[in-house]
Protein chains: 2
Amino acid sequence: MKFFVLYAHPDHTSLSASLHRDSVSILRELGHEVTVSDLYAMKWKATADYEDLGELDEHDNFTDDSGLAMEKGQLAADIVEEQRKISEADAVLVQFPLWWFSMPAIMKGWFDRVFSNGFAYGTTRSWPRYGNGKLQGKKAMVMLTMGAGTPAVSERGVSGDLNDILFPLQRGTLHYAGMDPVPPFVVPSAYRMDEERYSQLKQQLRQRLETWEPTAPIGYRCQNGGDYDEQLRLKPGLEPTGVHSGYKLHIAS
Amino acid sequence: MKFFVLYAHPDHTSLSASLHRDSVSILRELGHEVTVSDLYAMKWKATADYEDLGELDEHDNFTDDSGLAMEKGQLAADIVEEQRKISEADAVLVQFPLWWFSMPAIMKGWFDRVFSNGFAYGTTRSWPRYGNGKLQGKKAMVMLTMGAGTPAVSERGVSGDLNDILFPLQRGTLHYAGMDPVPPFVVPSAYRMDEERYSQLKQQLRQRLETWEPTAPIGYRCQNGGDYDEQLRLKPGLEPTGVHSGYKLHIAS
C-alpha cells in the first residue's frame with residue numbers, strides 16, 4: 001500500500017520525532033511505500049492567502065476564488081504537490097503534538113491550503129460531503145502526543161473527551177473530505193517517557209500498523225446515507241439510547 | 001474599558017472585514033479604547049518554532065524551552081508585543097471565519113506563539129488552569145462567520161454542536177488561560193448576505209457590545225473550584241441530569 005505521512009513538530013529530537021521516524025521505518029519494513037511531508041523541515045507556508053491563488057480577473061469571496069484558482073490550474077505549486085501526494089496514497093497518517101487542543105498552526109495551514117475548494121470540498125450543495133468526495137476510500141489515522149494524562153482528557157475530564165476534541169479534524173476535515181478515520185493513536189502524559197515506556201509504545205504502534213487493513217474505521221455516518229434530514233440534522237430515532245449530543249450521535253453503530 | 005480585537009481574514013472586502021471594522025467603530029463610539037491585531041495585515045508569523053526562543057544553552061522539550069525563553073526575557077519581539085496587548089486589555093474579541101471547524105492557521109499560530117509557557121500556562125501541576133492564571137478577569141467573545149447554516153451546526157446537526165466545536169478554543173484556550181468567554185457572536189450561512197441582513201446583523205452586534213458588562217459568561221467550571229477530583233474528572237453528582245459528556249458537563253449551573 002501507499003502511505004502518506006503528514007507530520008509536524010519543531011524539534012527533531014522530540015518524542016513526536018521518534019514516533020514519526022519509527023512509524024515510517026515500520027511501514028517500510030511491512031513492505032509499504034511511504035511518502036512523507038515533514039512540515040517543519042519543509043518550512044511549509046501555514047497561512048492561506050491570495051498569493052496561493054495566482055492572478056484572478058474576477059474577485060468574489062476567498063472560498064469561491066480558491067475554487068476558481070483550482071479550476072484554472074493556478075494554485076501555488078506547493079499546494080498542488082501536496083494534493084498529488086494525498087491523492088496517490090491509499091492510507092494517511094496525521095501526526096502532531098496536541099497544542100491548545102488542536103493541531104499546531106503549521107499543520108492547520110496544511111489543511112487550510114491543501115484541502116481547497118474543488119479538491120476536498122465544493123461550495124455547491126450537491127458536493128458529496130462527509131464520507132464521499134475525492135478522497136473517499138482512504139483510511140486515515142491521527143497520531144498525537146499530549147502533555148495531559150488520560151483522565152483529564154476523558155468523558156468527565158476537565159479538558160473534555162478526546163473524541164470530541166478531535167471531532168473538527170476527524171469528522172469535520174478528514175471524513176468531510178471522504179476519508180475514513182480509524183481510532184487515533186494517542187500518547188498521553190508525554191512528559192513522562194523513559195526507554196521502557198517508549199519501547200512498549202513502539203510495540204503498540206507496530207501492532208496498529210500491522211493490523212491496518214482489518215482495523216475498522218470509527219464509522220461516522222455519511223451525509224448522503226439517509227441518516228440526516230434535509231436540514232442536515234440527524235433523523236429522530238437514530239441516536240443511540242440516551243445520547244443527545246456529541247460525537248456519538250454521528251457514529252453509525 | 002480597553003478592548004483588544006484579534007482578527008484574521010485574508011480579504012479586506014469580506015463580510016468578516018466589514019464586521020471587524022464595524023465592531024471597532026461601535027466600540028469606539030461607546031467610548032472604549034480599542035487595540036487591534038489584524039493578523040493578515042501584520043503578516044503575522046503563524047508557525048511556532050525555535051526561532052521564537054532566542055539562544056538557549058540547554059535544550060529540553062519545546063514547551064520547557066519556551067518557558068525558559070520567557071523567563072530569560074528572550075521571546076521574539078512580536079510575541080512580547082502581543083502579550084503586552086492582551087495583558088493590558090480588559091476585554092477581548094477573537095474574530096475569524098470558521099475554516100475546517102476551527103480558526104484559520106494564522107490565528108491558531110497566534111495562540112501557539114503568544115500563549116507561551118509562563119504566560120498563558122505553566123508546565124507545573126500547581127499552575128492554576130481553567131479559570132485562573134494571568135489572564136483572569138478578562139471577558140472574551142468569539143465572533144465567527146461560517147458557510148454552514150444553523151441546523152447543520154447544532155446539537156443534532158451533521159457537523160456537530162457549535163458549543164462542542166468551539167470547546168478547544170473557548171474552554172481549552174481562553175478559559176484555560178483564565179479568561180471568561182461569553183456566548184459567541186455567530187454568523188451562519190455567510191454566503192447569503194445582503195444589505196438588509198447585514199444591517200440587522202450590525203444591530204445585533206451593537207447590542208452585544210452595548211451590553212458587554214451585564215452579559216454573563218458561559219460559566220465554565222474552574223479547575224480549582226472543587227468540582228474535579230485529583231485526576232481532574234468531574235466529581236460524581238455534579239453533572240446536569242442526563243448529561244454524560246460534552247461541553248455541558250463543564251458548565252456550572
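Quick caveat, the model's predicted, so the values are computed rather than measured. (Residues numbered from 1 in each chain as written. Chains lettered and ligands numbered in written order. Predicted model: local features only at pLDDT ≥ 70, side-chain atom pairs only at ≥ 80, totals over all residues. Heavy atoms only, no water.)

Undergrad: Tell me what's going on with empty space enclosed by the protein, and back it up with residues and numbers.
TA: Summed over the entire model, instances satisfying the criterion amount to five cavities of 30 Å³ or more. Estimates place the volume of the largest cavity at around 230 Å³. Along its surface, the largest cavity is lined by 22 residues, and A:Phe101, A:Ser102, A:Pro168, B:Ser102 and B:Pro168 are the ones closest to its centre. Of all elements in the fold, only helix H6 (167-175) of chain A together with helix H6 (167-175) of chain B reach the threshold of two or more residues within the lining of the largest cavity. With three residues, the top contributor of residues to the lining of the largest cavity is H6(B). Each residue belonging to the lining of the largest cavity can be placed in one class, and the counts come to 17 nonpolar, three polar and two charged. (1 Å grid on protein atoms, 1.4 Å probe; cavity = no way out; pocket = protein on both sides within 12 Å on 5 of 7 lines; lining within 4 Å. Points joined across faces, edges and corners; volume = space filled by probe spheres on them. Helix = DSSP H or I, 4+ residues; strand = E, 2+ residues; numbered from the N terminus. Nonpolar A, V, L, I, M, F, W, Y, C, P; charged D, E, K, R; others polar.)

Undergrad: I'd like a rundown of the interface of chain A and chain B, residues and numbers included.
TA: On the side of chain B, 65 residues touch chain A, which itself brings 65 residues to the contact. Between chain A and chain B the total buried area reaches about 5,100 Å² when both faces are included, carbon and sulfur atoms providing 58% of it. Viewed at the interface, chain B and chain A are joined by two salt bridges. Notably, a salt bridge pairs B:Glu239 with A:Arg156, separated by 2.7 Å at the nearest N-O pair. Remark: the boundary between chain A and chain B carries 30 residue pairs in polar contact (both at pLDDT 80 or more). Sorting the residues of the side of chain A that touches chain B by element identifies helix H2 (62-71), helix H4 (105-114), helix H5 (162-165) and H6 of chain A as the ones contributing at least two each. At six residues, H4(A) tops the list of elements feeding residues into the side of chain A that touches chain B. (Contact = heavy atoms within 4.5 Å. Buried area = accessible area lost by both parts, 1.4 Å probe. Salt bridge = Lys/Arg side-chain N within 4 Å of Asp/Glu carboxyl O. Polar contact = N/O pair within 3.5 Å; in protein donor to acceptor, adjacent residues only side chain to side chain.)

Undergrad: I'd like to hear about the pairing of strand S3 (residues 91-97) of chain B, residue by residue, with values.
TA: Residue and element names in this part refer to chain B. Taken across its seven residues, S3 has seven buried, putting it largely inside the fold. The pairing of strand S1 (residues 2-7) with S3 spans five bridges and is classified as parallel. What sits directly across from Phe4, in S3, is Val92. (Buried < 20%, exposed > 50% of the residue type's maximum accessible area, 1.4 Å probe, protein only. Pairing = 2+ DSSP bridges.)

Undergrad: For the pairing of strand S4 (residues 139-145) of chain B, give the residues involved together with the corresponding values.
TA: All names here are of chain B. Counted residue by residue, S4 has seven buried out of seven residues, so it is predominantly covered. Side chains of S4 alternate between two faces, with Lys139, Met141, Met143 and Thr145 and Ala140, Val142 and Leu144 buried alike. Pairing of S3 with S4, which is carried by seven bridges, proceeds in the parallel orientation. For Pro97, the partnering residue across the bridge sits in S4 and is Thr145. Taking the sense of rotation as the criterion, the β-α-β connection linking S3, helix H4 (residues 105-114) and S4 turns out right-handed. Taken together, the two bridges between S4 and strand S5 (residues 180-181) define a ladder with parallel strand orientation. By the bridge assignment, Ala140 is partnered in S5 with Pro181. Pairing of S4 with strand S6 (residues 185-187) involves three bridges; the strand directions are parallel. Looking at the pairing, Thr145 lines up with Val187 of S6. (Right-handed = clockwise from strand over helix to strand, strands pointing away.)

Undergrad: I'd like a description of the side chain of B:Lys139, backed by residues and values.
TA: Residues and elements named next belong to chain B. With respect to the secondary-structure elements, Lys139 resides in strand S4. Within the buried core, Lys139 has no salt-bridge partner, and the shortest N-O distance to an opposite charge, that of Glu213, equals 7.1 Å. At 2.9 Å, the side chain of Lys139 forms a polar contact with the backbone oxygen of Glu213. Excluding residues that lie within four positions of it along the chain, Lys139 makes contacts with Asp90, Ala91, Val92, Asp180, Val182, Trp212, Glu213, Pro214, Thr215 and Pro217. (Lys, Arg positive; Asp, Glu negative; His and termini not counted.)

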